[in-house]
Amino acid sequence: IDSCRGIEPTSVMAQQFEKLAANAAKLGGGLLAVAALPTGGIMLWNSCAFNVDAGHKAVVFNRFSGLKEKTYAEGTSFHMPWVEWPYIFNVRAQPFTMPSLTGSKDLQMVNMTIRVLYRPKDTELQSIYRELGMDYQEKVLPSICNEIVKSVVAQFNAGELLAQREAVSREIWLNLVRRAKDFRIEVDDLSITHLTFSAEYTAAVERKQVAQQQAKKAEYEVMRAKEEKKGTIIRAQAEARATEMIGKAMQQDSSWLEMKRIDAAKRVAETLSKSTNRIVLSADSLLLNLYGDAADQSSQNMLKMSK
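Conventions adopted
Every residue gets a number counted from 1 within its own chain, in the order that chain's sequence is written. Where local features are concerned, this predicted model is filtered to residues with pLDDT of at least 70; where side-chain atom pairs are given and counted, the filter is 80 or more; whole-chain, interface and lining totals use all residues. Side-chain numbers here rest on the full set of heavy atoms in the structure, without hydrogens or water. A run of H or I in DSSP counts as a helix once it spans at least four residues, and a run of E counts as a strand once it spans at least two, with each numbered from the N terminus. Burial classes: relative accessible area under 20% of the type maximum marks a residue as buried, over 50% as exposed, and values in between as partly exposed (1.4 Å probe, protein chains only). Any two residues whose heavy atoms approach within 4.5 Å at even a single point are treated as in contact. Two N or O atoms count as a polar contact when they lie within 3.5 Å, although within protein this holds only if one can serve as hydrogen donor and the other as acceptor, and sequence-adjacent residues are included solely when both atoms are side-chain atoms. Pairs of strands are assigned from DSSP output, requiring at least two bridges between the strands. For helices, the fitted axis covers only the stretch in contact; all axes are lines through C-alpha atoms, and the angles between them, taken along N-to-C directions, range from 0 to 180 degrees. In this scheme Phe, Tyr and Trp rings, the latter by its six-membered ring, pair at centre separations within 6.5 Å, and the angle between planes marks the pair as stacked below 30 degrees, edge-to-face above 60, and tilted otherwise. Expected helix span is taken as 1.5 Å per residue step, with the number of steps being one fewer than the number of residues. This arc is built from the directions going out from the helix axis to the C-beta atoms. As used in this record, nonpolar core signifies buried Ala, Val, Leu, Ile, Met, Phe, Trp, Tyr and Cys residues forming a set joined through side-chain atoms within 4.5 Å.

> Help me understand unusual backbone geometry, please; the structure alone is not making it clear to me.
Most peptide bonds are trans, and most residues other than glycine sit at a negative phi. Non-glycine residue W82 carries a positive phi angle of around 65°. Examined against the element boundaries, W82 turns out to sit in the loop between β4 (75-78) and β5 (84-90). Even without being a glycine, L107 presents a positive backbone phi close to 65°. Checked against the element boundaries, L107 lands in the loop between β6 (94-103) and β7 (109-120).

Next comes the structure, spelled out in structure tokens:
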């Protein structure tokens, strides 16, 4: 009896433990189910929704019907998961740079680099994707840009390409706009960023510039010589006229000669006064005797010589 009584409480406790384990299992499954709901919702949202950023537009491809005609603008849009796929296009102005080696009208090799601002036509995104794909610019722009650059540059010679650079750029842009419309691409702007010629042509231009400068220098020297010749003739005529007038004045009156003698004597005296050496000469020889017979005789001699 004692042994039976000891076994009964043990079996009761085992049953209670089994119930607790069953309840815990049920509670854990419920918690897992509750935790799985947000995760599943997030996965469903990510598979059904897609975002279109600013400056972008999207087209959607359906597995059964093909490309939809609707173009999706900026914001969040929805599609059927595993049946539809969005393709997002950048419709902002994008740069494209291309170098080109071509020949000018005078058969000079020109190395030119152009920079193009382009964007897809946002109302024709379905046709662009259907005919060209997402990498439409890599398929279209290199070929048409190279073709147009070569055709336009061939209309100008090397000198005109340098002097009329803006006109050349505009001509390339106008032709590129017309050509890109066939592929549903809009070209907003075009500029020539680099323009060089062959080393031989550059050296020839430098030699020509040096020759022109030398020719201008020679022309200047000739003009200078002519002007100097004119100046010499004018000075000679002026001196002859002055000599003639002085001779006539001396014939009429010798006071001018006396004034010149006084000026000469003044200059001689100033020179001697500034000299540190001692000089012993006669006053007559140095024109310092302004009075007396020697002065009168000198004046008369000069007057005779002028006559």
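Okay, back to it.
> What exactly am I supposed to notice about the environment of S100 here?
Note that S100 resides in strand β6. Owing to a relative accessible area of 4%, S100 belongs among the buried residues under this scheme. S100 sits 46 residues away from N146 along the chain, and the two C-alpha atoms are 6.3 Å apart. Ignoring anything within four residues of it in the chain, the contact list for S100 reads V110, N111, M112, N146, V149 and K150. A distance of 2.9 Å separates the side chain of S100 from the side chain of N146, its partner in a polar contact.

> When you look at the side chain of Q94 in this model, what are you seeing that I'm missing?
Along the chain, Q94 turns up in strand β6. Residue Q94 is classed as buried on the basis of its relative accessible area of 19%. Only 3.1 Å separates the side chain of Q94 from the backbone oxygen of N90, close enough to count as a polar contact. Excluding its chain neighbours within four sequence positions, the residues that come into contact with Q94 are V116, L117, Y118, P120 and Y136.

> Can you walk me through the sheet that holds β6 in this structure?
Hydrogen bonding along the main chain pairs the strands of a sheet, whether they run parallel or antiparallel. Here we have three strands laid out as an open sheet, ordered β6-β7-β8, and antiparallel in their pairing. Strands with a single pairing partner mark the edges of an open sheet, and in this sheet they are β6 and β8 (185-197). Across the sheet, the mean angle from the axis of one strand to that of its neighbour is 20°, orientation sign disregarded. Lying over the sheet, helix α3 (residues 136-153) contacts β6, β7 and β8, oriented at roughly 40° with respect to β6.

> Would you explain the packing of aromatic side chains in this entry?
Note on aromatic pairs: each is described by the distance of the centres and the angle between the planes. With the rule as written, the count across this model stands at four aromatic pairs. Ring centres of F89 and Y136 lie 6.4 Å apart, and the angle between their planes is 40°; this geometry places the pair in the tilted category. Taken together, the residues F89 in strand β5 and Y136 in helix α3 connect sequence positions 47 residues apart. For the residue pair F89 and Y136, the accessibility class agrees, reading buried in each case. One aromatic cluster is present, formed by F89, Y118 and Y136 through successive ring pairs.

> How should I be thinking about the sheet that holds strand β2 (residues 56-62) in this particular structure?
Taken together, the three strands give an open sheet; going across it, the order is β3-β2-β5, and neighbouring strands pair in antiparallel fashion. Edge strands, defined here as strands with exactly one partner in the open sheet, are β3 (66-67) and β5. Across two bridges, β2 lies against β3 in antiparallel orientation. Pairing of F61 across the sheet is with L67, part of β3.

> Help me out: how do you make sense of helix α5 (residues 165-180) in this one?
Count 3.6 residues to each turn of an α-helix, and residues three or four apart come out pointing the same way. When the terminal C-alpha atoms of α5 are compared, their 22 Å separation across 16 residues agrees well with the 22 Å that a helix rising 1.5 Å per residue should span. All buried positions along α5 are accounted for by V168, S169, I172, L176 and A180. What you see down the axis of α5 is that its buried residues fit within an arc of 95°, all on one side. What points out from α5, more than 90 degrees from its buried face, is the exposed set E166, R170 and R178.

> What is the right way to read α3 from this model?
Helix length check: α3, at 18 residues, gives a terminal C-alpha distance of 26 Å against a target of 26 Å (1.5 Å per residue), a fit within 8%. When α3 is considered as a whole, its buried residues turn out to be Y136, Q137, V140, L141, I144, C145, I148, V149, V152 and V153. For α3, the angular spread of buried residues about the axis comes to 145°, placing them on one side.

> I keep staring at the nonpolar core and nothing clicks. Help me out?
A general trend in soluble globular proteins is that nonpolar side chains are found buried together. Ranked by internal contacts, the top residues of the largest apolar core, which has 36 residues, are M112, I114, V116, C145, L161, I172 and L176. Looking at this core, the elements with two or more residues in it are β6, β7, α2 (125-131), α3, α4 (158-163), α5 and β8. Counting residues per element, this core draws most heavily on α3, which supplies nine residues. If we ignore the near neighbours within four places in the chain, the residues touching I172 are M112, I148, V149, V152 and L190.

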